[in-house]
Amino acid sequence: MERVVLVTGASGGVGLALCQRLLEEDGRIHLCIACRNAQKSEATRDLILATHPSAQVSTVEVDLGNLASVLRVARELRCRFQRLDFVYLNAGIMPDPHVNFKALWHGLLTGKVLHMLTTAEGIMTQTDRLNGDGLQEVFATNLFGHFILVRQLESLLCGNEKPSRLIWTSSSNARESAFSLSDYQHAKGKESYSSSKYATDLTSVVLNRKFNKQGLYSSVVCPGLVMSNMTYRILPVFLWKLLMPIMWLIRFFAKTYTLTPYNGAEAHVWLFKQKPEYLDELVKYHSCTSGLGKNYVEPRKIDVDEETAEKLYEKLLELEKQTLERYSDLLD
């Protein structure tokens, strides 16, 4: 039987490139693409079929920042499939990003500018807001919606003849300094994206502890700095055009400047070909591109405290219980 692969956030950027690259690796898979609305899903499907006309591609509509939408799509997927072999938890948002040019200049003077440019540490902030479920929007979309989806799909992910895989799109911007257990939704800070990605790393570590014996394995990847719709919102378009030659030059010194979605999907595709039993659950797999354009994957230890990870998991379970009480009609 063909392997079933679900990709969230598949309509553009790394998600779309990933879908195309997966079909290049194995044209026999059943690819299920998840986008925020039906129009985007169908347009993405048509785009993929234009280059892979014989591929099996189906669509689902889901807004990861809306719990009702997540529960509906989970129920739909349970009806459609008997199992899921891969779930790429790729969808994410970075609303209203701002660059702190003063901090960037300070980094230039202190010799830390390359580190800041490759991790966005200290120079990137976002303005978050509450969504319709009363949750912080970035936390809900980047982490909690995916967490609920995984929880609702356990019957398709656990106990199969072959292992199932969760592959989360994290970031080099995932930093412990931006995360707090007492404010895990990051309602009080200005680095909601970084906080949500660090929480993603923590969650992946715990899921392995809870579910490896049931045949479910979780990994996190970093696509590097990719020029996508999310990135282009950080600066005006004309500035990006001026900066692009410099960014290509920086890649000789910063291997995580993958720049294109195709390059950024390198680690995602690499994991597609690995046996999960031999992977390190405390490693993040980074997509890298050399100055001459060669793609490769670099594993790096995740900077996580496993006790903090367990505590976050308990908080997520508690929040799940609280928030799902209002959606009893969507639960089996």
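As annotated in an unreviewed UniProt entry, the protein carries the name 3-keto-steroid reductase/17-beta-hydroxysteroid dehydrogenase 7 and comes from Ramphastos sulfuratus. Here the protein is described in UniProt, under the heading Subunit (unreviewed entry), as follows: "Binds to the short form of prolactin receptor."

Caption draft 1: Representation of unusual backbone geometry within the structure. The backbone of His186 sits at a positive phi, close to 65°, despite the residue not being glycine. On the secondary structure map, His186 appears in the loop between strand E7 (164-169) and helix H8 (192-211). In this model, Leu259 sits at a positive phi of 70°, which is unusual for a non-glycine residue. Position of Leu259 relative to the elements: it lies in the loop between helix H10 (237-250) and helix H11 (261-264).

Caption draft 2: Broad picture of the environment of Ala254. Take Ala254: it is sitting in the loop between H10 and H11. Sequence-wise, Ala254 and Cys288 are 34 residues apart; in three dimensions their C-alpha atoms are separated by 8.7 Å.

Caption draft 3: Representation of the packing of aromatic side chains. One pass over the structure, following the stated rule, counts eight aromatic pairs. Look at Phe86 and Phe272: their rings are 4.8 Å apart centre to centre, the planes differ by 45°, and that puts the pair in the tilted class. Separated by 186 residues along the polypeptide, Phe86 in strand E4 (residues 86-89) and Phe272 in helix H12 (residues 266-272) bring together distant segments of the chain. Among the residues examined, Phe86 registers a relative accessible area of 5% and is labelled buried. Between the aromatic rings of Phe139 and Phe144, the centroid separation amounts to 5.6 Å while the plane-to-plane angle is 15°, which identifies the pairing as stacked. Overall, Phe139 belongs to the buried group, its relative accessible area being 3%. Given a relative accessible area of 0%, Phe144 falls into the buried group. Here a set of aromatic residues connected by ring pairs shows up, and it is made of Phe139, Phe144, Phe147, Tyr184 and Tyr313.

Caption draft 4: How the structure looks around the pairing of E4. Burial along E4 is two-sided: the residues Phe86 and Tyr88 and Val87 and Leu89 are all buried. As paired elements, strand E1 (residues 4-8) and E4 share three bridges and run parallel to each other. Pairing of Val7 across the sheet is with Tyr88, part of E4. Bridging between E4 and E7 involves four bridges; their strand directions are parallel. Residue pairing for E7: Val87 is matched across the bridge by Leu166.

Caption draft 5: How the structure looks around the pairing of strand E10 (residues 295-301). Relative to E10, strand E9 (residues 283-289) is paired through seven bridges, and the arrangement is antiparallel. Following the sheet pairing, Val283 is matched in E10 by Lys301. Hairpin connection of E9 to E10: five residues between the antiparallel strands, including Gly293 at a positive phi of 95°.

Caption draft 6: Local environment of the packing of helix H6 (residues 137-152) against H8. Running from N to C, H6 and H8 cross one another at 15°; their axes reach a closest spacing of 8 Å. The angle between the axes of H6 and H8 places the two elements in the roughly parallel class. When you trace H6 past H8, the crossing you get is right-handed. In this structure, H6 contributes Val138, Asn142, Leu143 and Phe147 to the contact, and H8 contributes Ser192, Tyr193, Ser196, Lys197, Ala199, Thr200 and Thr203.

Caption draft 7: Geometry of the pattern of salt bridges. Following the criterion strictly, the structure yields 18 salt bridges and no others. Of the charged contacts in the structure, one is a salt bridge between Glu191 and Arg175, with a shortest N-O distance of 2.6 Å. Remark: Arg175 occurs in the loop between E7 and H8 and Glu191 occurs in the loop between E7 and H8; sequence separation between them is 16 residues. Residue class for Arg175 comes out buried when judged on its relative accessible area of 10%.

Caption draft 8: Examining helix H2 (residues 38-51) more closely. The terminal C-alpha atoms of H2 lie 21 Å apart, and with 14 residues this matches the ideal 20 Å at 1.5 Å per residue to within 8%. Every buried residue of H2 is listed here: Ser41, Thr44, Ile48 and Leu49. The buried residues of H2 occupy one face: seen down the axis, they fall within an arc of 130°. With respect to the buried face of H2, the exposed residues turned more than 90 degrees away are Gln39 and Ala50.

Caption draft 9: Local environment of the sheet that holds E10. Strand order in this open sheet of eight strands is E3-E2-E1-E4-E7-E8-E9-E10, and the pairing throughout is mixed. Across the chains shown, the open sheet's two edge strands, defined by having one partner strand only, are strand E3 (56-61) and E10. Across the sheet, the mean angle from the axis of one strand to that of its neighbour is 20°, orientation sign disregarded. Pairing of E7 with strand E8 (residues 216-222) involves six bridges; the strand directions are parallel. Bridge assignment links Leu166 to a residue of E8, and that residue is Ser218. Sheet strands in contact with helix H3 (residues 67-80) are E1, strand E2 (30-35) and E3, and its direction is about 145° off that of E3. Lying over the sheet, H6 contacts E1, E4 and E7, oriented at roughly 175° with respect to E7.

Conventions and cut-offs
Residues numbered from 1 in each chain as written. Predicted model: local features only at pLDDT ≥ 70, side-chain atom pairs only at ≥ 80, totals over all residues. Heavy atoms only, no water. UniProt positions renumbered as here; feature names shortened; annotations may be inferred. Helix = DSSP H or I, 4+ residues; strand = E, 2+ residues; numbered from the N terminus. Phe/Tyr/Trp six-rings, centres within 6.5 Å; stacked < 30°, edge-to-face > 60°. Buried < 20%, exposed > 50% of the residue type's maximum accessible area, 1.4 Å probe, protein only. Pairing = 2+ DSSP bridges. Axes fitted to C-alpha atoms, helices over the stretch in contact; angles between N-to-C directions. Parallel < 35°, antiparallel > 145°, perpendicular 65-115°, else oblique. Left-handed = near helix turned anticlockwise from the far one by under 90°. Contact = heavy atoms within 4.5 Å. Salt bridge = Lys/Arg side-chain N within 4 Å of Asp/Glu carboxyl O. Expected span 1.5 Å × (residues − 1). Arc of directions from axis to C-beta.

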